[in-house]
Amino acid sequence: MTQLADIIIFNAAILTMDAAQPHANAIAMANGQILAVGSKDSLHHLAGPSTRQIDAQGHSVVPGINESHIHVFGGSAVLNRLSLFNKNGLEAITTVIQAHAAQHRTEPLLIVNSTDYTVLGEGRSLDRHILDGILPDQPLALMSPDFHTVWANTIALKKADLLHGRQLAPGNEVVIGPDGLATGELRESGAFNPVIALDASGGRDRLGVSADDEPQGGVSSQEREYDKALLRNGLKHLARHGITSFQNMDGNFYQLQLLAEIEKEGDLLCRARIPLHCVSGGGAERMKKAVAMRSEYHSRWLTSGTVKFFLDGVIDSHTALMAQDYADQPGWRGEPRFDLENFKTLCIEADKRGLQIAVHSIGDGSTKAVLDAYEAVRAANGKCDSRHRIEHLELVRDADFARLKALSVIASMQPPHPPGQCGLPLEPTISAIGQQHWPRAYAWRRIRDLGIPLAFSSDWPVSSVNPWESIHSAVTRKPWAVGLPDNRQTVAEALQSYTLTGAYAEFAENWKGMLKSGYVADLVILDRNIENCDPEELAEVMPVLTMCGGRVTFEA
């Protein structure tokens, strides 16, 4: 007996991502899976009296977006915070911060996001004295767009016990001024986590990226419900943008437990993969914990099995690890967050246990070190389908492009991140890189043309999670100077990086990432035909309907 469809979408411009059938105009689904893809007439026999039939009005239908690099807990928390995106000058930021503070006087910490490194203009840097002038009597923390630097006022530094500095792991710094006291600039999470912990959330949204990766002293039922409410709001935000899967790039048991509870309550709107974040210590014990997370969570809705490392910082704060000196800071190349031999050992241990490895690596010196470690992994454990990843890859040595290919590394990159894209300024990043190195920066086209798997994402909340803004950036990116490589992608290429390659990056390409019979019913109906619209319109694309596992998770 023929199984009837729960839902049939017809009159659609379907981009399937299936090479055997790239296009179709109708799709039928039942029990969370795709029954058939084809024409309306060929699917007519699957319609019954209770089948919901949706006219897509000639608009695009695409596989559900797989956000392969986000921070869901932190992103969910940011939705409620003030942003200084595109705000510049002391007067402008003073006005908006003071207005916001007047409405949030009871907050134990006022966190303000998207504070550009050059927010005060050329030659002026934020410090605690400037922030004291804006808000002297309430703890204040301004977060940089890349989430790698915080500027705090004096009362926040005192409450976090940082005013006199603190001994930290390599790569983290409480910047000290000539007076022997903290300037207010806190570089990397090891330096600013004590300030963020002052927040109403207790900093629990950042525990997945810190050394103390589980809440200390337990979490009250009220705090747990607060955290779940944040995540529910974040999941709705993802579904609204057509996202049906996400791969987190920080994680711990606590996040998995929260999401499992949300799933049990029927509110898990996206499929989630949560890693274990590994800092410079822990060794074999950390790997055992990652294995335990994988063993406990391994469904198609909630899974683990990845270990995430941070090997360096970011270019703007000169904490990325470079192969050569920074162009604007001779004699300095940054420093790794790990002892590199210990890092190799940890990677070998992770791979031996069948764990996928993902490494934050922005500078070309860092990427060389990651590839050295992956070569050591292969020498120690043999070649297998490990699908180890490098996150960001903003600068790559010429010699290392071939190594990425030879080692079957997944390049996980973010179209909103290059300077000049999505409202980001060119400076200070391009000067720190140096003009002679620009051809090797954010090299999407070279990576794709070499056949290296290229997964796109936003790194939310570093950038907007809106994939259509990201795809617009990928399709329309302009070189910084004449003669530089053209890194623009086609719409089909960018979409593949957000769907099928995203699924491949989490070993799931045999059941999601395409619109194909037998695959899960994860899809998005858009408000236009993206193959026919002007590339400049792509940033304006909005989902009309998002479906995950056959369930409508968003409908305009």
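Everything discussed here concerns the structure shown above.
The model shown is predicted, which means the values in this text are computed figures rather than measured ones. (Residues numbered from 1 in each chain as written. Predicted model: local features only at pLDDT ≥ 70, side-chain atom pairs only at ≥ 80, totals over all residues. Heavy atoms only, no water.)

Digging into the overall build of the protein chain
Working step 1: Each helix and strand in the protein chain was counted, giving 16 helices and 26 strands.
Working step 2: Here the protein chain has a C-alpha radius of gyration of 23 Å; the compact-globule value for 556 residues is 24 Å, and the two agree.
Working step 3: Dimensions of the protein chain along its principal axes, counting C-alpha atoms only, are 80 × 55 × 50 Å.
Working step 4: The buried share among the 556 residues of the protein chain stands at 59%.
Working step 5: Sequence-distant contacts, at least 24 apart, represent 72% of the contacts inside the protein chain between residues at least 6 apart.
Working step 6: Of the roughly 20900 Å² that the protein chain leaves accessible, carbon and sulfur atoms contribute 50%.
Working step 7: Computed over 51 positive and 66 negative side-chain charges, the inter-centroid distance for the protein chain is 4 Å. (Helix = DSSP H or I, 4+ residues; strand = E, 2+ residues; numbered from the N terminus. Rg over C-alpha atoms; globule rule 2.2 N^0.38 Å. Buried < 20%, exposed > 50% of the residue type's maximum accessible area, 1.4 Å probe, protein only. Contact = heavy atoms within 4.5 Å. Areas by Shrake-Rupley, 256 points an atom, 1.4 Å probe, with all protein chains shown as cover. Lys, Arg positive; Asp, Glu negative; His and termini not counted. Charge placed at Lys NZ, Arg CZ, Asp CG, Glu CD.)

Things to note about the sheet that holds strand S12 (residues 149-152)
Working step 1: Spatially, the 6 strands line up as an open sheet ordered S9-S10-S11-S12-S14-S13, and their pairing is mixed. What marks the edges here is a single partner per strand, and that holds for strand S9 (82-83) and strand S13 (173-176).
Working step 2: As paired strands, S9 and strand S10 (residues 110-113) are joined by 2 bridges and run parallel to one another. When the bridges of S10 are listed, leucine 82 appears paired with valine 112. (Pairing = 2+ DSSP bridges.)

Some remarks on the packing of helix H10 (residues 364-381) against helix H11 (residues 398-406)
Working step 1: The N-to-C vectors of H10 and H11 enclose an angle of 35°; their axes lie 11 Å apart at closest approach. Of the two elements, H10 crosses H11, and the hand of that crossing is left-handed. Residue-level inspection shows Asp364, Lys368, Leu371, Asp372, Glu375 and Arg378 of H10 in contact with H11, the latter providing Asp400, Arg403, Leu404 and Ala406.
Working step 2: Here the residues of the contact of H10 with H11 sort into 3 nonpolar, no polar and 7 charged. (Axes fitted to C-alpha atoms, helices over the stretch in contact; angles between N-to-C directions. Left-handed = near helix turned anticlockwise from the far one by under 90°. Nonpolar A, V, L, I, M, F, W, Y, C, P; charged D, E, K, R; others polar.)

Comments concerning the packing of aromatic side chains
Working step 1: All told, the structure shown has 8 aromatic pairs when counted by the stated rule.
Working step 2: With a centroid separation of 5.6 Å and 75° between ring planes, the pair formed by tyrosine 117 and tryptophan 151 is classed as edge-to-face. Within this pair, whereas tyrosine 117 is found in the loop between S10 and helix H3 (128-134), its partner tryptophan 151 is found in strand S12, the two being separated by 34 residues in sequence. Taken individually, tyrosine 117 and tryptophan 151 each receive the classification buried, so the pair is uniform in this respect.
Working step 3: An angle of 85° between the planes, with centres 5.4 Å apart, marks the rings of phenylalanine 309 and phenylalanine 343 as edge-to-face. Highlighted residues: phenylalanine 309 in strand S19 (residues 306-310) and phenylalanine 343 in helix H9 (residues 340-352), separated in sequence by 34 residues.
Working step 4: Phenylalanine 343 gets classed as buried once you look at its relative accessible area, which sits at 0%.
Working step 5: Pairwise contacts between aromatic rings join Phe309, Phe338 and Phe343 into one cluster.
Working step 6: Over the face of the ring belonging to phenylalanine 401 we find arginine 446, whose NZ or CZ atom lies 3.8 Å from the ring centre.
Working step 7: Positioned above the aromatic ring of tryptophan 444, the side-chain terminus of arginine 477 is 4.5 Å from the ring centre. (Phe/Tyr/Trp six-rings, centres within 6.5 Å; stacked < 30°, edge-to-face > 60°. Lys NZ or Arg CZ within 6 Å of the ring centre and 35° of its normal.)

Some points on the sheet that holds strand S22 (residues 410-413)
Working step 1: Taken in spatial order, the 6 strands of this open sheet run S17-S19-S20-S21-S22-S23, and their pairing is parallel. Of all strands in the sheet, those bounded by a partner on one side alone are strand S17 (276-278) and strand S23 (454-456). Taken pair by pair, the neighbouring strands of this sheet meet at an average axis angle of 25°, ignoring direction.
Working step 2: Inspection of the sheet shows strand S20 (residues 356-361) paired to strand S21 (residues 389-392) by 4 bridges, in the parallel sense.

Observations concerning the pattern of salt bridges
Working step 1: Scanning the entire structure with this criterion turns up 38 salt bridges.
Working step 2: Note that arginine 333 and aspartate 325 form a salt bridge whose closest N and O atoms lie 2.8 Å from each other.
Working step 3: Overall, arginine 333 belongs to the partly exposed group, its relative accessible area being 41%.
Working step 4: Each of Arg224, Glu225, Lys228, Arg232, Glu261, Glu265 and Asp267 takes part in one network of salt bridges that share partners. (Salt bridge = Lys/Arg side-chain N within 4 Å of Asp/Glu carboxyl O.)

Here's the deal with the side chain of serine 317
Working step 1: Counting through the fold element by element, serine 317 comes out in the loop between S19 and H9.
Working step 2: Residue classification places serine 317 among the buried positions, given a relative accessible area of 6%.
Working step 3: Among the polar contacts listed, one links the side chain of serine 317 to the side chain of threonine 319, at a separation of 2.9 Å.
Working step 4: Not counting the four nearest positions on each side in its chain, serine 317 is found in contact with Tyr117, Thr149 and Glu188. (Polar contact = N/O pair within 3.5 Å; in protein donor to acceptor, adjacent residues only side chain to side chain.)

Let's talk about the nonpolar core
It is characteristic of soluble globular proteins that their nonpolar side chains tend to be buried jointly.
Working step 1: In terms of nonpolar packing, the biggest core is built from 137 residues, with Ile9, Leu238, Phe246, Phe309 and Ile530 touching the most fellow members.
Working step 2: Listed in part, the 22 residues of the second largest apolar core include Ala160, Leu162, Leu163 and Val195. (Core = buried A, V, L, I, M, F, W, Y, C linked by side-chain atoms within 4.5 Å.)

Points about the packing of helix H14 (residues 467-476) against helix H15 (residues 491-498)
Working step 1: One way to put it is that H14 packs onto H15 with a least axis distance of 9 Å and a crossing angle of 135°. Between H14 and H15, the crossing angle belongs to the class labelled oblique. When you trace H14 past H15, the crossing you get is right-handed. Together, Pro467, Trp468, Ser470, Ile471, Ala474 and Val475 of H14 and Val491, Ala494, Leu495 and Tyr498 of H15 make up the contact between the two elements. (Parallel < 35°, antiparallel > 145°, perpendicular 65-115°, else oblique.)

Looking at the pairing of S20
Working step 1: Buried residues dominate S20, accounting for 6 of its 6 residues.
Working step 2: Burial of the side chains of S20 extends over both faces: Gln356, Ala358 and His360 are buried on one face and Ile357, Val359 and Ser361 on the other.
Working step 3: Sheet analysis places S19 next to S20, joined by 5 bridges and oriented parallel. What sits directly across from lysine 308, in S20, is alanine 358.
Working step 4: Assessed by its sense of winding, the connection that carries the chain from S20 through H10 to S21 is right-handed. (Right-handed = clockwise from strand over helix to strand, strands pointing away.)

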